[in-house]
Amino acid sequence: MSYVGKSLKRIEDERLVSGEGTYIDDLSPLPHIKHCAILRSPHPHAIIKNIDGEAARKLPGVIGVVDGRQVKQLTRPLPVGVNAPQEYFPIAVEKVRYVGEPVAVVVAENRYIAEDAMEKIKVEYEPLEPVVHILDALSQESALLHEKVGSNILNERNFDYGDVDQAFEDADHIIKRKFEFPKVSATPVENYGVIANYTRSEKTYTIWANFHGPFTLHSVMKAALNVSSNQLRIITPKDIGGSYGIKSGVYPYMVLIAVVSRIVGVPVKWNEDRQEHLMASSSGTDRVTWMEAAVKNDGRILGLKMKYADNIGAYIRAPEPASLYRNHSNITGAYRIRNVRLQAIAVTTNKSPTGLIRGYGGPQHYFPLERIVKTISDKLNMDVVEVVKKNLIQKDEFPYVTASGGIYDSGDYHKALQLAVDAVDYQDFRRKQKESWERGKYLGIGFASIVEPSGSNMGYVTLALTPEERAKGLPKSGAAEGASVSIDPMGGITVRISTVPTGQGHETVTAQVVADTLGVEPGMVKVITELDTATSPWTVASGSYSSRFAPIGSSAVYLATHKIRSKLLKIAAKQLGTTTEELEMKNGKVYKQSNSEISISLKRLIGTTHWNPEALPEGMEPGLHESAFFSLPTAKAPTELDTVNGSVTYGFVFDAVKIEVDINTGEVKILDYFTVHDAGKLLNPKIANGQILGGLAHGLGAALYENLVYDKNGQLLTGSFMDYLVPTATEIPNITIKHIETPSPLTPLGAKGLGEGNTMSAPAVIANAVTDALKPLGVTIEKLPLSPDYIWNEIHQKTTVEV
């Protein structure tokens, strides 16, 4: 049977639910490991005048106290891809720039002693005026308060595709709006964790961390530690308790804890608590978007003008400002819009730094894009579904090249739309909605069309540079991933992957791919997911991000296994006196297709490679161990015209949601949520649905609950789950998931990624539904999250309804 495409039970689950998982806190790889606690700044912006750690050092059980001056002596600033106004070290040096920034590290026999000693450190600060909001950072007045006199703008690019001026001249309507997206976290079950050891005799750093990659940051860390790449060894555990992008942000702490190990002379361990994570780990960027649409009377969108302003926090750290450019190739979403002008700006403020979060720039992009489509329909008094249909890319246009250079490999967007519209019984809902409005009940329906990029092309990050700046350096491109497959003399199949799974089921799908290719059962395949940069087959792109396992990681496994298969078939052809073209590999045997009685067992073929190399075909090496790396030629460097294909595959999501708004409280109740996905060939439908539900939970959080709120003085107000609200099981609505499959012609299995689509779509579709529900009151949603107080205030600014 074929295992790929079947909903096989996850291999990982028995280990995880029985408590036998191996997480970073389970590791104790060296004897006599000491424990760290980090003293953090209570100020958003201040000069450090003095740090006195003497009382802490005297506490019994304390090994040492380390501050920024010591760290600076042994490191270089963490490099970034653009010019930065200040040097960035993993601990404050001379000045703090956000609440929660590390100021000192205490090393002790255990965490309890370290925490006690931390309270004895005395730090003298001279507070400075903070800059908090994006709009403040963009103003000239507040710019004078920050590091780079005259500007808080760290990166700015302008892009122009097509003939935008002509499009706006030809338009019947120009529709303008401003939208705001909040600063959100990812809140994985497991926070950051690092174990580090410096070996003086070898001058090497070994770091264990729940770091999901991408391993392009290995080069960033080795540069900061001022060692050669083979003097920095990173090891990740078998299991990582969720990441959703945020654990790429652990790397500054990896550098910090590594240097602390060197200074104090012992291996050290640090585990982040929840308050530290919310305050100072990483987050998605808050964004303000100004958008203009040039529209014809019939609903066709001729062109767009967009201005993004991203708040990357107190420091710009790799891979930022990439959140501005991650969705650049799919900037027009699912629509046939050929004329686009974009101004992309990254500003600095006194908030915690930003980085990779599930969807990375996608939720921030699709919220204004899909809201403007809904706004167009309202302005023209057209049905929103008709406006969407009018602008969607047609099936016969694939592969479709966007104005900014994205190559959409396959799709049938209209089919997905129709599937969703039929599922919600659209016309009947509209009838019920009108009746409910008359009764003072506010029902709404929203739609959102999302192109989901997966398998990011590393070259897209260089869009932050001008073509002239890019020309001075080495071009960057590609989305490569590696895998190794080996078979021991007794027939045991072992696969080593480098995708660093964080709960997505990579072990199961890997076993399915190998089982199909070699004609064995998945239970015969052992998958090694621990990654060791000293021994694993990784590339600069390796890691668990950008939904890249399905299109890239599984393809590397497929290619490596086919090398094994090819070798076994050649051995069989010699022993059976035939050609490889006449042979089939199935059910643990290789046999002639024309006569299945002529066969040889897979076990015997494997044994030949190890025990009897004399019987191998001439010139063949003994043993069965193969590695393969997969990338795609479509992942090219940006052109001189600033076009780039930022991903290797592009899926599609169409969402429809029914909601009710209580105008007396501002509460939004989701009645039904329908989501249609096209991710090419589904490798394991059950796992795919799990990923969809997880992405949707993240999207619901940003839409309705989550926001890292700072007051005007730069103090974080949402530092615990008492204040930073996330959806729980009781808040997850009724969800209907449907699939269509248009396999990618670019990947050997036809698969695309789907782990981030609803993270991008949910904020937009729910905002559209709320706007639809409140249409009689004239309320339009332009910011998130949709908290009851925000909606209540919007209602009462627009109407005189008595509450």
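Please refer to the structure placed before this passage.
A.B. asks: Just give me the short version of the sheet that holds strand 27 (residues 647-662), but keep the residues and values in it.
C.D. replies: Pairing within the open sheet is mixed, and its four strands lie in the order 18-27-28-29. The strands lining the two open edges of the sheet, one partner per strand, are strand 18 (442-456) and strand 29 (735-740). Strand-to-strand twist of the sheet, defined as the mean angle between neighbouring strand axes without regard to direction, takes the value 20 degrees. Here strand 28 (residues 667-678) runs beside strand 29; their pairing, made up of six bridges, is parallel. Across the sheet, residue phenylalanine 674 finds its bridge partner in strand 29, namely threonine 736. Across the sheet, helix 13 (residues 413-423) is in contact with strand 18, strand 27, strand 28 and strand 29; its angle to strand 27 comes to roughly 20 degrees. Along the sheet, helix 19 (residues 685-705) makes contact with strand 28 and strand 29, crossing strand 29 at roughly 125 degrees.

A.B. asks: Would you mind going over the nonpolar core in detail, with residue names and values included?
C.D. replies: Within the largest apolar cluster, 164 residues are counted, with the highest numbers of intra-cluster contacts made by Met254, Val770, Leu774 and Leu786. Top contributing element to this core by residue count: helix 9 (residues 251-264), with ten residues. For leucine 774, the contacting residues outside a window of four places in its chain are Tyr442, Val661, Ile663, Val779, Ile791 and Ile795. Core analysis: the second largest hydrophobic core is formed by 49 residues, Val495, Ala515, Ala572 and Leu616 among them.

A.B. asks: I'd like a rundown of the sheet that holds strand 2 (residues 46-52), residues and numbers included.
C.D. replies: The strand order 4-2-6 describes an open sheet built from three strands, whose pairing is antiparallel. Each edge of the sheet is formed by a strand with only one pairing partner; in this case those strands are strand 4 (95-96) and strand 6 (122-127). The pairing of strand 2 with strand 4 spans two bridges and is antiparallel. Along strand 4, the bridge assignment pairs isoleucine 47 with lysine 95.

A.B. asks: Go over the environment of lysine 395, please, and point to the residues and values.
C.D. replies: Residue placement: lysine 395 occurs in the loop between helix 12 (384-391) and strand 16 (400-401). With relative accessibility at 55%, the residue lysine 395 sits in the exposed group. Considered as a pair, lysine 395 and glutamine 231 are 164 residues apart in the sequence and their alpha carbons are 51 Å apart.

A.B. asks: An account of helix 21 (residues 788-798) is requested, with residue identities and associated values reported.
C.D. replies: Residues of helix 21 that are buried: Tyr790, Ile791, Glu794 and Ile795. An end-on view of helix 21 places all buried positions within 130 degrees of arc, on one side of the element. The exposed residues of helix 21 that point more than 90 degrees off its buried face are Asp789 and Gln797. Lining the buried residues of helix 21 we find strand 27, strand 28 and helix 20 (757-773).

A.B. asks: With reference to specific residues and values, describe unusual backbone geometry.
C.D. replies: Cis peptide bonds are those with omega within 30 degrees of zero, and the linkage from phenylalanine 398 to proline 399 qualifies with -5 degrees. Note that proline 399 resides in the loop between helix 12 and strand 16. Within the chain, histidine 32 stands out as a residue other than glycine whose phi angle is a positive 60 degrees. Looking at the element boundaries, histidine 32 is found in the loop between helix 1 (12-17) and strand 1 (34-40).

A.B. asks: Explain the pattern of salt bridges to me, and be specific about the residues and the numbers.
C.D. replies: Throughout the structure, instances matching the rule amount to 33 salt bridges. Taking the shortest distance from any N to any O, the salt bridge between lysine 296 and aspartate 172 comes out at 3.7 Å. Here aspartate 172 lies in the loop between helix 7 (164-170) and strand 8 (173-181) and lysine 296 lies in the loop between strand 13 (286-295) and strand 14 (301-311), a separation of 124 residues in the sequence. The partner of aspartate 310 in a salt bridge is arginine 287, and the shortest N-O contact between them spans 2.5 Å. Placement of the pair is aspartate 310 in strand 14 and arginine 287 in strand 13, with a sequence separation of 23 residues. Each member of the pair aspartate 310 and arginine 287 is classed as buried.

A.B. asks: Which residues make up the packing of aromatic side chains, and what values go with them?
C.D. replies: On inspection of all chains with the given rule, the structure shows 17 aromatic pairs. Among the aromatic residues, ring-to-ring pairing joins Tyr88, Tyr98 and Tyr315 into one connected group. When the ring centre of tryptophan 290 is taken as origin, the NZ or CZ atom of lysine 307, which lies over that ring, is 4.9 Å away. For arginine 326, the ring lying beneath its charged end belongs to tyrosine 460, and the centroid distance is 5.4 Å.

A.B. asks: So what's going on with the pairing of strand 9 (residues 193-199)? Which residues, and what values?
C.D. replies: On a regular strand, each side chain points to the face opposite its neighbour's, so the side chains alternate between the two faces of the sheet. Among the seven residues in strand 9, six count as buried, and that is most of the element. With six bridges connecting them, strand 9 and strand 10 (residues 204-209) associate as antiparallel partners. Bridging from a neighbouring strand, alanine 196 pairs with isoleucine 207 of strand 10. From the end of strand 9 to the start of strand 10, which pair antiparallel, there are four residues, and lysine 203 there has a positive phi angle of about 55 degrees.

A.B. asks: How would you summarise the pairing of strand 24 (residues 589-592) if you had to cite specific residues and measurements?
C.D. replies: The pairing of strand 23 (residues 583-586) with strand 24 spans four bridges and is antiparallel. Bridged to methionine 585 within strand 24 is valine 590. Connecting strand 23 to the antiparallel partner strand 24 that follows it, the hairpin turn spans two residues, and asparagine 587 within it adopts a positive phi of roughly 55 degrees. The pairing of strand 24 with strand 25 (residues 595-601) spans four bridges and is classified as antiparallel. Its bridge partner lying in strand 25, tyrosine 591 is registered against serine 599. Taking the residues between adjacent antiparallel strands as the criterion, strand 24 and strand 25 are bridged by two residues.

A.B. asks: Can you explain helix 14 (residues 426-438)? Please cite residues and give values.
C.D. replies: Over its 13 residues, helix 14 runs 19 Å from end to end, which matches the ideal 18 Å to within 8%, given 1.5 Å per residue. Of all the positions in helix 14, only Tyr426, Phe429, Arg430, Gln433 and Ser436 are classed as buried. Across the axial projection of helix 14, the buried residues extend over an arc of 125 degrees, all falling on one side. Structural note: helix 14 exposes Gln427, Lys434 and Glu438 on the side pointing more than 90 degrees away from its buried face. In this structure, the buried residues of helix 14 make contact with helix 12, helix 13, strand 18, strand 27 and helix 20. Two residues or fewer past helix 14, glycine 440 is found with a positive phi of approximately 80 degrees.

The rules behind these values
- Residues numbered from 1 in each chain as written.
- Predicted model: local features only at pLDDT ≥ 70, side-chain atom pairs only at ≥ 80, totals over all residues.
- Heavy atoms only, no water.
- Pairing = 2+ DSSP bridges.
- Helix = DSSP H or I, 4+ residues; strand = E, 2+ residues; numbered from the N terminus.
- Axes fitted to C-alpha atoms, helices over the stretch in contact; angles between N-to-C directions.
- Contact = heavy atoms within 4.5 Å.
- Core = buried A, V, L, I, M, F, W, Y, C linked by side-chain atoms within 4.5 Å.
- Buried < 20%, exposed > 50% of the residue type's maximum accessible area, 1.4 Å probe, protein only.
- Arc of directions from axis to C-beta.
- Salt bridge = Lys/Arg side-chain N within 4 Å of Asp/Glu carboxyl O.
- Phe/Tyr/Trp six-rings, centres within 6.5 Å; stacked < 30°, edge-to-face > 60°.
- Lys NZ or Arg CZ within 6 Å of the ring centre and 35° of its normal.
- Expected span 1.5 Å × (residues − 1).

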